[in-house]
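Remarks on the overall topology
Okay, here's what each chain looks like letter by letter:
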Amino acid sequence: MKFFIDTANLDEIREANDLGILDGVTTNPSLMAKEGITGKDNILKHYVDICNIVDGDVSAEVISTDFEGIIKEGEHLAGLHKNIVVKVPMIKDGIKAIKYFSDKGIKTNCTLVFSPGQAILAAKAGATYLSPFIGRLDDISSDGLALIAEIREIYDNYMFETEILAASVRHTMHVIDCAKIGADVMTGPLSSITGLLNHPLTDIGLEKFLADYAKGNS
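All of the points below concern the structure found in this document.

Conventions adopted
- Residues numbered from 1 in each chain as written.
- Predicted model: local features only at pLDDT ≥ 70, side-chain atom pairs only at ≥ 80, totals over all residues.
- Heavy atoms only, no water.
- Salt bridge = Lys/Arg side-chain N within 4 Å of Asp/Glu carboxyl O.
- Helix = DSSP H or I, 4+ residues; strand = E, 2+ residues; numbered from the N terminus.
- Buried < 20%, exposed > 50% of the residue type's maximum accessible area, 1.4 Å probe, protein only.
- Core = buried A, V, L, I, M, F, W, Y, C linked by side-chain atoms within 4.5 Å.
- Disulfide = S-S within 2.5 Å.

**Details of the pattern of salt bridges**
Here the idea is simple: oppositely charged side chains can pair when their charged atoms come close. Per the counting criterion, the structure on display carries eleven salt bridges. When the shortest N-O distance is used, the salt bridge between D93 and K96 registers 4.0 Å. Residue D93 and its partner K96 are both found in helix 5 (residues 92-104); the two are separated by three residues, about one turn of the helix. A salt bridge links D184 to R152, with the shortest nitrogen-to-oxygen separation between them at 3.1 Å. Here D184 is found in the loop between helix 9 (172-181) and strand 8 (185-188), whereas its partner R152 is found in helix 8 (residues 144-158), with 32 residues between them in sequence. Judged by relative accessible area, which is 14%, R152 ranks as buried. One network of salt bridges, in which partners are shared, links R152, D156 and D184.

Laid out in C-alpha cells, this is it:
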C-alpha cells in the first residue's frame, strides 16, 4: 500500500519523507488555507515546493466546476511539475474532464467520492486515483471502510486500473483496516503514519535492553 500524507505543511511533509516510506502528497484548498497559503500565485508556488520535497505524485485540486474551467486549470496545474496529479471533483463535468485528461495522458485523482456508483464512473472515465472519504462517512454514522471493500470488489471484478486512494483517514487503525481490505493508497495526517510506530511493549523492551546494557558497561 502506498502512503500519502494529507497536508500542505512543508515541515510535516519533510518529516514523513525523511522516514523513507512516503509515496506522495494530497492537499486541498482547505489545507492550504490552514497553512496561510492564499492567492493563486502563492498556491501554485506551494504545489511546486511540495513537489521539490517528495519524489512521488502530488494531488493539486482544481477550483472550477465547469468542464472548460476544469480543463484550463488542470492543464495549467499539470504543467507545473511532472509529479502533479490533477484532483477533480466527482461531478458530471468532472467525469467528462477526467476522460479528457486520461486521453491526454494527464494523471487525475477523482475526489469527494462517497458511493460505489461514483467509483464505477470514475474508473470508466480513466481516473488514475479514486478518493473515497472514509472519515467523513464515519462522521455521519455510515461505514467508510465498507465502501472501500465494495469498491475493491467491483474494481477486481472488472480489472479497473484506477487505484483506490483511501482519503479522510483519521487515525492509525484506519490505515491498518484499509491495508487489510486492499486499498492501493492511504492518505492521512502525519499522526496516522507515525502512530504505526507505537506499541507499549516496544517501549518497555527497549527500555529494558538499554538498562541491561548500562548495567553491563558501568
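**So, the environment of G182**
Mapped onto the elements, G182 comes out in the loop between helix 9 and strand 8. According to the relative accessible area criterion, G182 is partly exposed, its value standing at 25%.

**So, the nonpolar core**
Counting residues in each nonpolar core, the largest one holds 57 residues, and the members touching the most others are I5, I13, F101, C110, L130 and Y155. Ranked by residue count, the leading element in this core is helix 8, at six residues. Core analysis: the next-biggest nonpolar cluster, separate from the first, contains seven residues, F4, Y129, L165 and V185 among them.

**Looking at the state of the cysteines**
Counting across every chain of the model gives zero disulfides. In this structure C178 is not part of a disulfide, and its nearest cysteine sulfur, from C110, lies 17 Å away. You can call C178 buried: its relative accessible area is 0%.

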